Amino acid sequence: MNANTAPIHNLQIEQSVLAALMTVAGSYAQVESLLTEQDFHATRHKLIFSAIVDLDSKNSPYDAVLVNQWLEMRNHGEASGGEKYLMQLMSDAPSSFYNLQSYAEKLKDFTTCRKVEAEAQKVIQSARSLTVSRGDLVLNAQTAFAEINTEQSTESLFHIHDAASNTFLEISRKMEAMISGETMIKGIQTGIYDLDKKLGDVEPGCLLVLAARPAMGKTTMMQLIANHVAIIQKKPVLIMSGEMPKEQIAMRLCCAMAPADIGVLRNAPHKLPKEEFTAYTNAVVMLKNVPMQINDTSRPSIANIRESIRKTQHQYGFVGAVLVDYLQIMKTTKPFAREDLKIAYFTGELKAMAKEFNCVIVLLSQLNRELEKRPNKRPVLSDLRESGAIEQDADQIIFLYRDEIYNKESQFRGIAEAIVGKNRHGEAGTAYMHAQLKYCQFTNLDHDALNQIQGNLI
């Protein structure tokens, strides 16, 4: 085997790590969350590391003598090199314990390189076979490398006092911001005051699910959030529009900003009032400087979303919000026995991505048709399709409801309800807003209108 095909490893560093572990009492704690047996290339080194791990789990010391006893008792003496090899390790790396952490990081780098190389070989073989479509070939490659990247994240233990100190610093920062008149919002808001009062600050790392039956305004609400975050809060936004082409999304965004009647603009633009056409033109010009990206890949996969977030982050330095339209049309090549397991995979991955990229992910979802059979058709959590995983992974769940869709004589014509069904960091309840869907808008109701609506519902 030549140098170009030999597995990526460094035996000397492996030896140094093992020598350091057997030299310094309690040193395994430094690498416990980082290293596994698979980070060692040599079989004898895997065995020695396994001995150290097992002895530590039993609260036993793991010096060379005890490690040798452990190996002998399990008939691994010959495979591991025996006492002679252990003594050689100790003598060849006398100062390695000073560099344990950095050596362990090097081993992890080699492991990642081996995995990347192995996946690359699979991709090359798949490409050469000429039996896979170019779309599947690229998707499979993206998924494989994205999964390797996810594996690199390691969990750390923090003392409770450190975590509490961090919260105190955050509270102090907000108090200082309030006194100086600066914004205290760390995450995103919708721009609908009645709703934001209930949601509070939707912080980075949150998965917010926006669900409704057709014609309630899911896409309009998504665009409202996108506009508010990108234009008012000036935070980068990524829209993953799996259902609607980018041009339609852009047209709706501009109509909301103008405002302009989207029905007239789309079907008879020559009939659009002059002031609305001028306002629409101004909106198009203004969007040039707005930090917003659109990916209208049909039926996006987790790999598609991850790559788009990564590109948006690279362009702007960070991502404020990612809006995914919508859950039930997402695609995966992974086989699932049941639909609920597939949904659980998507929501779990999206929640993990929100934490990984330190952003808010807003996920649109359909509701079951069963609610149509009820007298009161306002949605509840059980109306979510395959609701178990969605309820578990989401930090906030908002249902949209417009009574006039079901009751033509409704006293709440032109009013939309945002029903907060779950709110991990605030209160549940219902917020109200004015619905002007012909202008692709939800807008704030004034104080008197809110009081009147709430009074009529009592």
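Keep in mind that this is a model prediction, so the values were computed, not measured.

## Considerations on the overall build of the chain
Along its length, the chain carries 17 helices and 9 strands. For the chain, the proportion of its 458 residues judged to be buried stands at 45%. Here the analysis covers contacts within the chain between residues at least 6 apart in sequence; of these, 68% occur between residues at least 24 apart.

## Overview of the pairing of strand S1 (residues 207-212)
Taken across its 6 residues, S1 has 6 buried, putting it largely inside the fold. Going residue by residue along S1, you find Leu207, Val209 and Ala211 tucked away on one face and Leu208, Leu210 and Ala212 tucked away on the opposite face as well. The pairing of S1 with strand S5 (residues 360-366) spans 6 bridges and is parallel. Counted as the bridge partner of Leu207 is Ile361 from S5. Examined bridge by bridge, S1 and strand S6 (residues 396-401) share 4 bridges and lie parallel to one another. Pairing of Leu210 across the sheet is with Ile398, part of S6.

## Overview of the side chain of His45
With respect to the element layout, His45 can be found in helix H2 (residues 43-57). In this structure the side chain of His45 is engaged in a polar contact, spanning 2.7 Å, whose partner is the side chain of Glu14. Excluding anything up to four places from it in sequence, His45 contacts Leu11, Glu14, Gln15, Leu18, Phe40 and Tyr85.

## Topic: the nonpolar core
Ranked by size, the top nonpolar core spans 73 residues in total, and within it Leu195, Ile239, Val322, Leu350, Ile361, Leu400 and Phe442 carry the most contacts. Discounting chain neighbours no more than four positions away, the residues touching Leu350 are Leu207, Ile302, Ile305, Met330, Ile361 and Leu363.

## A closer look at the packing of aromatic side chains
In this structure the tally under the stated criterion is 4 aromatic pairs. Taking the centre distance of 4.8 Å and the plane angle of 35° together, the rings of Phe40 and Phe49 count as tilted. Here Phe49 falls in the buried class, since its relative accessible area comes to 2%. Plain terms: the ring middles of Tyr345 and Phe346 are 5.6 Å apart, the flat faces sit at 50° to each other, and that makes the pair tilted. One aromatic cluster in this structure is built from Tyr28, Phe40 and Phe49.

## A few points about the side chain of Lys235
One can find Lys235 in the loop between helix H10 (218-232) and strand S2 (237-241). Look at Lys235: it is buried, it has no salt bridge, and the nearest opposite charge is Asp201 at 6.2 Å. Reaching out from Lys235, the side chain makes a polar contact with the backbone oxygen of Gly187 at a distance of 2.5 Å. With residues up to four places along the chain from it excluded, the contact list for Lys235 reads Ile185, Lys186, Gly187, Val229, Ala230, Pro291, Phe318 and Gly320.

## Observations regarding helix H13 (residues 274-286)
Between its terminal C-alpha atoms H13 stretches 18 Å, which fits the 18 Å expected from 13 residues at 1.5 Å a residue. Residues of H13 that are buried include every one of Glu276, Ala279, Tyr280 and Ala283, and no others. Considered in projection along H13, the buried side chains sweep an arc of 100° and stay on one side of the axis. Exposed side of H13, more than 90 degrees from the buried face: Lys274 and Val285 are the residues found there. On its buried face, H13 is in contact with helix H11 (246-257) and helix H12 (262-267).

## Details of the sheet that holds S5
Note: strands within a sheet are paired through backbone hydrogen bonds, in either parallel or antiparallel orientation. Pairing in this open sheet of 9 strands is mixed, and the strands run S3-S2-S4-S5-S1-S6-S7-S8-S9 from one edge to the other. Strand pairing shows two members of the sheet lacking a second neighbour, strand S3 (292-295) and strand S9 (441-443), which therefore form its edges. Going from strand to strand, the sheet's axes swing by 25° on average, the running direction of each strand aside. Note that strand S4 (residues 321-325) and S5 share 4 bridges and pair parallel. Counted as the bridge partner of Leu323 is Val362 from S5. Where helix H15 (residues 339-356) meets the sheet, its contacts fall on S1 and S5, and the angle it forms with S5 comes to roughly 160°.

## Points about the packing of H11 against H13
The contact between H11 and H13 brings their axes to 8 Å, and the two run at 120°. You can see that H11 and H13 cross each other, and the crossing is right-handed. Along its contact with H11, which presents Met251, Cys254, Cys255 and Met257, the element H13 presents Tyr280, Ala283, Val284 and Met286. Taken together, the residues of the contact of H11 with H13 break down into 8 nonpolar, no polar and no charged.

## Observations regarding the environment of Asn227
The topology assignment puts Asn227 in helix H10. Ignoring any residue separated from it by four or fewer positions in sequence, one finds Asn227 in contact with Ile232, Leu253, Ala256, Met257 and Met292.

## Some details on the pattern of salt bridges
As enumerated under the stated definition, the model contains 19 salt bridges in all. Here Glu417 ties to Arg378 by a salt bridge, and the two come within 2.8 Å at their closest N and O atoms. Of this pair, Glu417 sits in strand S7 (residues 415-423) while Arg378 sits in the loop between S5 and helix H16 (387-393), placing them 39 residues apart in sequence. Each of Asp54, Lys58 and Arg74 takes part in one network of salt bridges that share partners.

## Regarding the packing of helix H1 (residues 11-23) against helix H6 (residues 100-129)
Their axes nearest at 9 Å, the elements H1 and H6 cross at an angle of 140°. Compared by their axis directions, H1 and H6 come out oblique. H1 and H6 meet at a crossing whose hand is left-handed. Along the contact surface, H1 presents Ile13, Glu14, Ser16, Val17, Ala20 and Leu21, while H6 presents Leu100, Tyr103, Ala104, Lys106, Leu107 and Phe110. Its residues assigned to classes, the contact of H1 with H6 shows 9 nonpolar, 1 polar and 2 charged.

Rules used throughout
- Numbering of residues begins from 1 in every chain and follows the order in which that chain's sequence is written.
- With pLDDT at 70 or above as the cut-off, local features in this predicted model cover only qualifying residues; side-chain atom pairs require 80 or more to be listed or tallied, and sums for whole chains, interfaces and linings still use all residues.
- Computation of side-chain values: all heavy atoms of the structure, hydrogens and water removed.
- Working definition: helices are DSSP H or I runs of at least four residues, strands are E runs of at least two. Numbering for both runs from the N terminus.
- Working definition: with a 1.4 Å probe on protein chains only, accessible area under 20% of the residue-type maximum means buried, over 50% means exposed, and in between means partly exposed.
- Contacts are residue-level and defined by heavy atoms, with any inter-residue pair within 4.5 Å sufficient.
- If DSSP finds at least two bridges between two strands, the strands pair.
- Any pair of N or O atoms that falls within 3.5 Å is considered a polar contact. Within protein, one atom must be able to donate a hydrogen and the other to accept it, and sequence-neighbouring residues count only if both atoms are side-chain atoms.
- We call a set of buried residues a nonpolar core when its members are Ala, Val, Leu, Ile, Met, Phe, Trp, Tyr or Cys and they connect through side-chain atoms within 4.5 Å of each other.
- Stacked, edge-to-face and tilted are the three classes for Phe, Tyr and Trp ring pairs, Trp counted by its six-membered ring, which pair at centre distances within 6.5 Å; planes under 30 degrees apart are stacked, over 60 edge-to-face, the rest tilted.
- Note on charges: Lys and Arg go in the positive column, Asp and Glu in the negative column, and His and the chain ends are not counted at all.
- Within this document, salt bridges are pairs made up of a side-chain nitrogen of Lys or Arg and a carboxyl oxygen of Asp or Glu, the two lying within 4 Å of each other.
- Between the first and last residue of a helix there are one fewer steps than residues, each counted as 1.5 Å, and that sum is the expected span.
- Directions are taken from the helix axis to each C-beta atom, and the arc is the one they span.
- As a rule, the C-alpha atoms of each element are fitted with a line to give its axis, helices using only the stretch in contact, and angles between N-to-C directions run from 0 to 180 degrees.
- Crossing handedness is defined as follows: a turn of the near helix away from the far one that is anticlockwise and smaller than a right angle gives a left-handed crossing, while the clockwise case is right-handed.
- Following the grouping adopted for this structure description, the nonpolar residues are Ala, Val, Leu, Ile, Met, Phe, Trp, Tyr, Cys and Pro, the charged ones are Asp, Glu, Lys and Arg, and the polar ones are all others, Gly among them.
- The scheme is simple: roughly parallel for angles under 35 degrees, roughly antiparallel for over 145, roughly perpendicular for 65 to 115, oblique for anything else.

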